[in-house]
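# An overview of the molecular structure
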Amino acid sequence: QVQLVESGGGLVQAGDSLTLSCSASGGPISTSTMGWFRQTPGKEREFVAGIIWNGGNINYADAVKGRFTIGRDNSKNMVFLQMNSLKPEDTAVYYCALRRRLAVRIPILVNEYEGWGQGTQVTVSS
């Protein structure tokens, strides 16, 4: 079973940048759709960005379009989320997600993904 581990979170100021990494072990992710979600206390986990196996299709939540960039390196079994122009409302725990089943579009619902990391905290101060 593939295990996902996120890293790169931290405390930054508004306008700063951060890059999150998701490292997979226990199996290849090269044929999987990968996603990033985030969650704040008392709220449901929400979709941030997703990328299909070859990077040919990418989708972003409206709240992060133009500021966040998702990428992947299948040779390293890793997925990344470059976050620019961070805002206080981006504060959340960010999770990496994996979907092995073939998808015709980028899945945006939590239950469409089969594997999850433990999350990494991102805090943006104003």
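Small disclaimer: the values here were computed from a predicted structure and weren't measured.

### A few points about the overall build of the protein
Helix and strand counts for the protein come out as zero helices and eleven strands. Taken from N to C terminus, the helices and strands of the protein fall in the order β-β-β-β-β-β-β-β-β-β-β. For the protein, whose C-alpha radius of gyration is 13 Å, the value lies close to the compact-globule estimate of 14 Å for 126 residues. Seen along its three principal axes, the alpha-carbon backbone of the protein occupies a region of about 40 × 25 × 25 Å. Nonlocal contacts in the protein, meaning residues at least 24 apart in sequence, comprise 59% of its contacts between residues at least 6 apart. Averaging the locations of the 12 positively and 10 negatively charged side chains of the protein gives two centres separated by 5 Å.

### Quick look at the state of the cysteines
Per the stated rule, a full pass over the model turns up one disulfide. Covalently, C22 is tied to C96 through a disulfide, its sulfur atoms 2.1 Å apart. Its S-S torsion of approximately -80 degrees makes the covalent link between C22 and C96 left-handed. Taken together, the residues span a long stretch of sequence, with C22 in strand 3 (residues 18-25) and C96 in strand 9 (residues 92-99) at a distance of 74 residues. For C22, a relative accessible area of 1% puts it in the buried group. C96 sits in the buried class, given a relative accessible area of 0%.

### Here's the deal with the packing of aromatic side chains
Evaluation of the coordinates by the stated rule reveals four aromatic pairs. An aromatic cluster is built from F37, F47, Y113 and W116, whose rings are joined through pairwise contacts. Between R45 and the ring centre of Y95, over which it is positioned, the NZ or CZ distance is 3.6 Å. Positioned above the aromatic ring of W116 is the side chain of R45, whose terminal nitrogen or guanidinium carbon lies 4.9 Å from the ring centre.

### So, the pattern of salt bridges
Evaluated as defined, the whole model comprises six salt bridges. One salt bridge in this structure joins D90 and R38, with 2.9 Å as the shortest N-O distance. One end of the pair, D90, is in the loop between strand 8 (78-83) and strand 9; the other, R38, is in strand 4 (residues 33-39), with 52 residues separating them in the sequence. When salt bridges that share partners are traced, they join R38, E46, R67 and D90 into one network.

### Describing the pairing of strand 4
Here strand 4 lies mainly inside the structure; six of its seven residues are buried. Alignment of strand 4 against strand 9, held across seven bridges, turns out to be antiparallel. Note that in strand 9 the partner of M34 across the bridge is L98. For strand 4 and strand 5 (residues 46-51), the ladder comprises five bridges, and the chain directions are antiparallel. By the bridge assignment, M34 is partnered in strand 5 with I51. Where strand 4 folds back onto strand 5 in an antiparallel hairpin, the turn is made up of six residues, including G42, whose phi is positive at roughly 85 degrees.

The rules behind these values
Residues numbered from 1 in each chain as written. Predicted model: local features only at pLDDT ≥ 70, side-chain atom pairs only at ≥ 80, totals over all residues. Heavy atoms only, no water. Helix = DSSP H or I, 4+ residues; strand = E, 2+ residues; numbered from the N terminus. Rg over C-alpha atoms; globule rule 2.2 N^0.38 Å. Contact = heavy atoms within 4.5 Å. Lys, Arg positive; Asp, Glu negative; His and termini not counted. Charge placed at Lys NZ, Arg CZ, Asp CG, Glu CD. Disulfide = S-S within 2.5 Å. Buried < 20%, exposed > 50% of the residue type's maximum accessible area, 1.4 Å probe, protein only. Phe/Tyr/Trp six-rings, centres within 6.5 Å; stacked < 30°, edge-to-face > 60°. Lys NZ or Arg CZ within 6 Å of the ring centre and 35° of its normal. Salt bridge = Lys/Arg side-chain N within 4 Å of Asp/Glu carboxyl O. Pairing = 2+ DSSP bridges.

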